[in-house]
Amino acid sequence: LDLEDLPIFEENLNALIEGCLEDFPEESMKDNEISQYAARIARANITQDTRDGHIRIIKHYINFHRSRDSTWDPLRVYWKTPHDICDFITFKCGSKEEGCEGRKYATAVSTRAALTFWYKTTHPNESVSEWQYDSKTGICHGLPTRSQTVSMFMVGLEKMKAKAGEVSQSARALTLDDMHRLYDECTSSKDKSLYERRWGIIHFTAYLLAWLMFLRIDEVVNLEFESIEMIPGERVYFSVALKTRKTAQTGILHTWKLHANDQDEKICPVRALIRLAMLYGEDVELSGPLFMRVNSTGAVMQPQPVVS
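Cut-offs and rules
Residues take numbers from 1 onward in each chain, read along the sequence in its written order. Selection of residues for local features in this predicted model requires a pLDDT of at least 70, selection of side-chain atom pairs for listing and counting requires 80 or more, and totals for whole chains, interfaces and linings are taken over all residues. Note that water and hydrogens are dropped before the side-chain values are worked out from all heavy atoms of the structure. Each reported salt bridge corresponds to a side-chain nitrogen of Lys or Arg within 4 Å of a carboxyl oxygen of Asp or Glu. Burial here depends on accessible area, computed with a 1.4 Å probe over protein chains only, as a share of the maximum for the residue type. Under 20% is buried, over 50% is exposed, and the range in between is partly exposed. Cysteine sulfur pairs qualify as disulfides if the two atoms are within 2.5 Å. Here the rule is simple: two strands pair whenever DSSP picks up at least two bridges between them. Runs of H or I in DSSP of at least four residues are treated as helices and runs of E of at least two as strands, each being numbered from the N terminus. Confidence scores per residue from the predictor, reported as pLDDT, run from 0 to 100. Should any heavy atoms of two residues lie within 4.5 Å, those residues are considered in contact. Here a Phe, Tyr or Trp ring, Trp counted by its six-membered ring, pairs with any other such ring whose centre lies within 6.5 Å, and the pair is stacked when the planes are under 30 degrees apart, edge-to-face when over 60, and tilted otherwise. Every axis in this analysis is a line fitted to C-alpha atoms, fitted for helices over the stretch in contact. Angles between the N-to-C directions lie between 0 and 180 degrees. Think of a nonpolar core as a cluster: buried Ala, Val, Leu, Ile, Met, Phe, Trp, Tyr and Cys residues, connected wherever their side-chain atoms sit within 4.5 Å.

Focus: the pattern of salt bridges
- Tallied over the full model, the rule gives eleven salt bridges.
- Note that Lys92 and Glu101 form a salt bridge whose closest N and O atoms lie 2.9 Å from each other.
- A relative accessible area of 12% places Lys92 in the buried class.
- A single network of salt bridges, built from pairs that share partners, joins Lys92, Glu101 and Arg103.

Brief notes about the state of the cysteines
- According to the stated counting rule, one finds zero disulfides in the structure shown.
- No disulfide involves Cys93; its sulfur sits 9.0 Å from the nearest other cysteine sulfur, which is in Cys100.
- For Cys93, a relative accessible area of 0% corresponds to the buried category.

Points about the pairing of strand E2 (residues 139-142)
- With four bridges joining them, strand E1 (residues 131-134) and E2 adopt antiparallel strand pairing. Residue pairing for E2: Tyr133 is matched across the bridge by Cys140.
- The hairpin turn running from E1 into E2, its antiparallel successor, is four residues long, and Gly138 in that turn takes a positive phi close to 75 degrees.

So, the confidence of the model for the protein
- Here the protein averages 83 in pLDDT, while 79% of its residues score no lower than 70.
- A low-confidence stretch, residues 1-9 stays under pLDDT 50, and its non-local contacts, those more than four residues away or across chains, total seven contacts.
- Counting interchain partners and residues more than four positions distant, the pLDDT-below-50 stretch residues 23-30 has eleven contacts.

Things to note about the packing of aromatic side chains
- Taken as a whole and judged by the stated rule, the model has nine aromatic pairs.
- Taken together, a centroid distance of 6.4 Å and an interplanar angle of 80 degrees make the contact between Tyr61 and Tyr119 edge-to-face. Taken together, the residues span a long stretch of sequence, with Tyr61 in helix H3 (residues 48-68) and Tyr119 in helix H5 (residues 105-122) at a distance of 58 residues.
- Arranged with centres 6.2 Å apart and planes meeting at 90 degrees, the rings of Tyr195 and Trp199 form a pair that is edge-to-face. In this pair, Tyr195 and Trp199 both sit in helix H8 (residues 194-213), four residues apart, roughly one turn of the helix.
- On the basis of relative accessible area, Tyr195 is assigned to the partly exposed category, the value being 31%.

With respect to the sheet that holds strand E4 (residues 237-242)
- Read across the open sheet, the three strands follow the order E3-E4-E5; overall the sheet is antiparallel. If you trace the sheet from one side to the other, it starts and ends with strand E3 (228-229) and strand E5 (254-259), each paired once.
- Taken together, the six bridges between E4 and E5 define a ladder with antiparallel strand orientation. What sits directly across from Ala241, in E5, is Thr255.
- Running over the sheet, H8 touches E4 and E5 and is turned about 110 degrees from E5.

Section: the nonpolar core
- Of all hydrophobic cores here, the largest spans 30 residues; its most connected members are Ile202, Leu209, Val220, Phe238 and Phe291.
- Those elements giving two or more residues to this core turn out to be H8, helix H9 (217-221), E4, E5, helix H10 (269-280) and strand E6 (292-294).
- In terms of residue count, H8 provides more of this core than any other element does, seven residues in total.
- Non-local contacts of Val220, meaning those with residues more than four positions away in its chain, are made with Ala206, Leu209, Ala210, Leu215 and Phe291.
- Formed by 22 residues, the second largest nonpolar core is a distinct cluster that contains Phe64, Tyr119, Leu143 and Leu157.

See the structure below:
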């Protein structure tokens, strides 16, 4: 691919992807409320963040093959497509000594998921659970990411990564002892600046709520003051409301009641929330993100949220 053609190609690539990933053509939905409702349901299949991540991977996939062969067609599916998928994953996850990028196995899994999304969208009538190729007719059925070639490649890549000593990044569950040690580390003021002490309180409160409610960290840091309901004068419990979760994206409101723990004050959610309130002080507006950043001097930077 000639360098002078890259800007034009990038523009065409964006148009190609956006056109192919359009859920329903607008013309077919005019004056049809049921069709519009069906389209909204279809879009809810994956979150926008997941969709954006898939699109980034798809762009890299197309650019990779177009840079090797300017005539390569990203919409075409034929016997060689599974090998094209393996070639791209190899480039991303293969050894750096072999001229590849050396990414983790998790990147391979994400790539396969993104390309499944791509081929499922561009070939909506194909089976999503299998791949068949008729060598006599040259006709393919199903998704190439479901082919035996790709499946065996993924198994081999995982074993190769494990043999090379790549450690899984999956974290184990935090234990009670972990939370006690985290409390000691985060709330200790010994030899710490105001910035470090305040960050410690914010971090521990976020981890404690995540631990008590079995939430992911990104779900916790997206909590807002409006998510917390505490009855004035009530010191026994407070309520936390979460609109949607990654594993339950139905829009149903999820609510927890977190009770004070006088037997183990280190993991008491009421005391943690009181510490957070004392840190913020009376000048902080009780609206927007619950967990806010602090600057190098320890000042609260409302409304800048903590990010996971």
